[in-house]
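Listed below, chain by chain, are the residues.
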Amino acid sequence: MILQHRSVSAVLTVAAFALWTAVILAALAGPALSAALGLPDPTAPMSRSFDPPSRAHLLGTDHLGRDVAARMLVGNAALVVPPALVAAAASTVGVLLAVWSATSRRACAIIRFIGDTILVVPPILIILATVTAVPEGYVAAAVAAFALSVPMSIRYFYPTVTQALGSGYVEYARVTGASWRTIAVWDIFPAVRRSLIADFSIRFVAVVFLIATASFLTGTSSGADSTWAAMVGAELGGVDLNPWAVVSPTLAIIVLTACPALLLELRMGGKR
C-alpha cells in the first residue's frame with residue numbers, strides 16, 4: 001500500500017513538474033517557440049472574429065481575428081518574472097524582519113502595526129489604486145504586491161524564528177559570543193530553510209493572482225490583451241463562438257498557479 005502511494009505521488013510529481021515547466025517555457029520563450037512552430041503573426045488579423053479551431057488556426061481566432069495559439073505565446077513573461085522576483089524579495093525581507101521582531105519588542109510592535117495596517121485594506125484595492133495611479137502597470141503592480149506580501153511572510157516566519165531563537169544551540173552560540181550575523185547564517189537560516197521554500201511558493205502564487213487580476217481588470221501591459229489573464233477578459237464576449245480563446249489562457253493560469261502548490265504538497269508530504 002505504501003509503495004503504491006509512493007508510485008502515485010511520483011507520477012503526480014513528474015506530471016505536475018512537466019506541465020509547470022511547459023507553461024513556464026511558453027511564458028518565457030513563447031516568441032521563439034511561436035517562430036519555431038511557424039505560427040502566424042500574433043498581432044495581425046488572420047480571419048474573422050472568433051472563428052472556431054481549424055487546421056489553419058489550432059485554437060481559433062480572437063475578437064480581432066488574430067490566431068489564439070500565437071497569442072498564447074507572447075507577452076506572458078510578466079506573469080512569471082515579476083512574481084518570482086517579488087516572491088523571492090518578500091520571503092527574504094519577511095524572514096529578516098521576523099528575526100528583528102523576535103529579538104526586539106519595540107521593533108515587533110512597530111512591524112506588527114505597519115503590517116496589520118496594510119493587511120486591513122483589501123489587496124485588490126491596493127493593486128488597482130497603484131496600477132491606476134502609475135501608468136507603468138506591471139512595475140506598479142509588482143511593487144504593490146511586494147508591499148502586500150511582506151507582512152504575510154513576517155507572520156508566516158515569526159513562529160519558526162521564535163522557536164529557533166529559543167533553541168539550545170542558539171543560546172549556546174550567544175553565550176560563546178557569536179555575532180547575530182553568524183547566528184542568523186549558521187543557526188537560524190537552516191531552521192527556516194524549508195519554510196523559505198514553502199513561503200516562496202505561496203508568495204509566487206499569490207503575486208501571480210494579484211498581477212493576473214490587475215491585468216484582467218485593467219488590461220495592464222504594453223498591449224491591452226497581451227497576457228493570459230488579459231486574454232480571458234478580452235475574449236469573454238465571444239466564448240460561445242470560440243470557447244478556446246478563453247479556455248486556453250484560463251488553463252495556462254491554472255497550471256501556472258496550481259502546480260507549485262501541488263509540488264510543494266507532494267514534497268512536504270513525502271517527508272512526513
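The shown structure was predicted, so the numbers you read here are calculated from the model rather than taken from an experiment.

So, the overall build of the chain
Then, number 1: What the chain contains, in helices and strands, is 11 helices and 0 strands.
Then, number 2: Looking at the chain as a whole, 42% of its 272 residues qualify as buried.
Then, number 3: Contacts in the chain between residues at least 24 apart in sequence constitute 68% of all its contacts with a sequence separation of at least 6.
Then, number 4: For the chain, the exposed area adds up to about 14,500 Å²; of that, 71% sits on carbon and sulfur atoms.

Quick word on a nonpolar patch on the surface
Then, number 1: Side chains of Trp244, Val247, Leu251 and Ile254 sit close together on the surface and give an oily, nonpolar patch of about 350 Å² of accessible area.
Then, number 2: In this structure, Trp244 sits in helix H11 (residues 244-270).

Digging into the nonpolar core
Nonpolar side chains in soluble globular proteins tend to end up buried together.
Then, number 1: Met72, Leu79, Ile127, Ala145, Phe204, Trp228 and Leu256 are the most contacted members of the largest nonpolar core, which has 36 residues in total.
Then, number 2: Those elements that provide at least two residues to this core are helix H1 (2-28), helix H4 (81-103), helix H7 (137-165), helix H9 (180-218), helix H10 (228-235) and H11.
Then, number 3: The contact partners of Ile127, leaving out residues within four places of it in the chain, are Ala141, Ala144, Ala145, Leu148, Leu210 and Ala214.
Then, number 4: Val95, Val99, Ile188 and Leu196 belong to the second-largest nonpolar core, a separate cluster that totals 12 residues.

Concerning H10
Then, number 1: Extensive coverage of H10 is indicated by the burial of 6 of its 8 residues.
Then, number 2: Considered for burial, the residues of H10 that qualify are Trp228, Ala229, Ala230, Met231, Val232 and Glu235.

What about the confidence of the model for the chain?
Then, number 1: In this model, the chain carries a mean pLDDT of 83, and residues with pLDDT of at least 70 account for 89%.
Then, number 2: Per-residue pLDDT, averaged within each element of the chain, yields its smallest value for helix H6 (residues 123-133) (70) and its largest for helix H3 (residues 68-71) (93).

Observations regarding the pattern of salt bridges
Then, number 1: Across all of its chains, the model carries 4 salt bridges by this definition.
Then, number 2: Between Arg66 and Asp62 there is a salt bridge; the shortest N-O distance is 2.8 Å. When sorted by exposure, Arg66 lands in the same class as Asp62, which is buried.
Then, number 3: Arg155 is paired through a salt bridge with Asp116; the nearest N and O atoms lie 2.3 Å apart.

Notes on the side chain of Ser195
Then, number 1: Inspection of the secondary structure assignment puts Ser195 in helix H9.
Then, number 2: The residues contacting Ser195, other than those within four sequence positions of it, are Tyr156, Phe157 and Thr160.

Considering the packing of aromatic side chains
Then, number 1: If you walk through the whole model with that rule in mind, you get 3 aromatic pairs.
Then, number 2: Between Trp20 and Phe204 the ring centres are 6.3 Å apart and the planes differ by 90 degrees, which places this aromatic pair in the edge-to-face class. Taken as a pair, Trp20 in helix H1 and Phe204 in helix H9 lie far apart in primary sequence, 184 residues in all.
Then, number 3: According to the relative accessible area criterion, Trp20 is partly exposed, its value standing at 23%.
Then, number 4: Assessed through its relative accessible area of 5%, Phe204 is described here as buried.
Then, number 5: Plain terms: the ring middles of Phe200 and Phe204 are 6.4 Å apart, the flat faces sit at 25 degrees to each other, and that makes the pair stacked. Taken together, the residues span about one helical turn, with Phe200 and Phe204 both in helix H9 at a distance of 4 residues.

Here we look at unusual backbone geometry
Then, number 1: Phi angles above zero are rare outside glycine, and Phe50 is one such case at about 55 degrees.
Then, number 2: By the secondary structure assignment, Phe50 is in the loop between helix H2 (30-37) and H3.
Then, number 3: Given a relative accessible area of 14%, Phe50 falls into the buried group.

Looking at the environment of Pro243
Then, number 1: Position of Pro243 relative to the elements: it lies in the loop between H10 and H11.
Then, number 2: When its relative accessible area of 35% is taken as the criterion, Pro243 is described as partly exposed.

Structural notes on empty space enclosed by the protein
Then, number 1: A complete count under the given rule lists 1 cavity of 30 Å³ or more for this structure.
Then, number 2: The wall of the largest cavity is formed by Ser101, Cys108, Ile111, Arg112, Gly115, Asp116, Leu119, Pro151, Ile154, Arg155 and Tyr158.
Then, number 3: Of all the elements in the fold, those that place two or more residues in the lining of the largest cavity are helix H5 (105-120) and H7.
Then, number 4: Among the residues forming the lining of the largest cavity, the class breakdown is 6 nonpolar, 2 polar and 3 charged.

Observations concerning the side chain of Ser248
Then, number 1: For Ser248, the position within the fold is in helix H11.
Then, number 2: Under the relative-accessibility criterion, Ser248 is labelled buried at 8%.

Examining the packing of H4 against H5
Then, number 1: The geometry of H4 relative to H5 is characterised by a closest axis approach of 5 Å and an angle of 130 degrees between their N-to-C directions. Considered as vectors, H4 and H5 are oriented oblique to each other. The residues of H5 that touch H4, namely those facing Leu97, Trp100, Ser101 and Thr103, are Arg105, Ala107, Cys108 and Ile111.
Then, number 2: Each residue belonging to the contact of H4 with H5 can be placed in one class, and the counts come to 5 nonpolar, 2 polar and 1 charged.

Rules of the game
- Residues numbered from 1 in each chain as written.
- Predicted model: local features only at pLDDT ≥ 70, side-chain atom pairs only at ≥ 80, totals over all residues.
- Heavy atoms only, no water.
- Helix = DSSP H or I, 4+ residues; strand = E, 2+ residues; numbered from the N terminus.
- Buried < 20%, exposed > 50% of the residue type's maximum accessible area, 1.4 Å probe, protein only.
- Contact = heavy atoms within 4.5 Å.
- Areas by Shrake-Rupley, 256 points an atom, 1.4 Å probe, with all protein chains shown as cover.
- Patch = residues over 30% accessible without salt bridge, like charges linked within 9 Å, V, L, I, M, F, W, Y side chains within 5 Å.
- Salt bridge = Lys/Arg side-chain N within 4 Å of Asp/Glu carboxyl O.
- Core = buried A, V, L, I, M, F, W, Y, C linked by side-chain atoms within 4.5 Å.
- pLDDT = per-residue confidence, 0-100.
- Phe/Tyr/Trp six-rings, centres within 6.5 Å; stacked < 30°, edge-to-face > 60°.
- 1 Å grid on protein atoms, 1.4 Å probe; cavity = no way out; pocket = protein on both sides within 12 Å on 5 of 7 lines; lining within 4 Å.
- Points joined across faces, edges and corners; volume = space filled by probe spheres on them.
- Nonpolar A, V, L, I, M, F, W, Y, C, P; charged D, E, K, R; others polar.
- Axes fitted to C-alpha atoms, helices over the stretch in contact; angles between N-to-C directions.
- Parallel < 35°, antiparallel > 145°, perpendicular 65-115°, else oblique.

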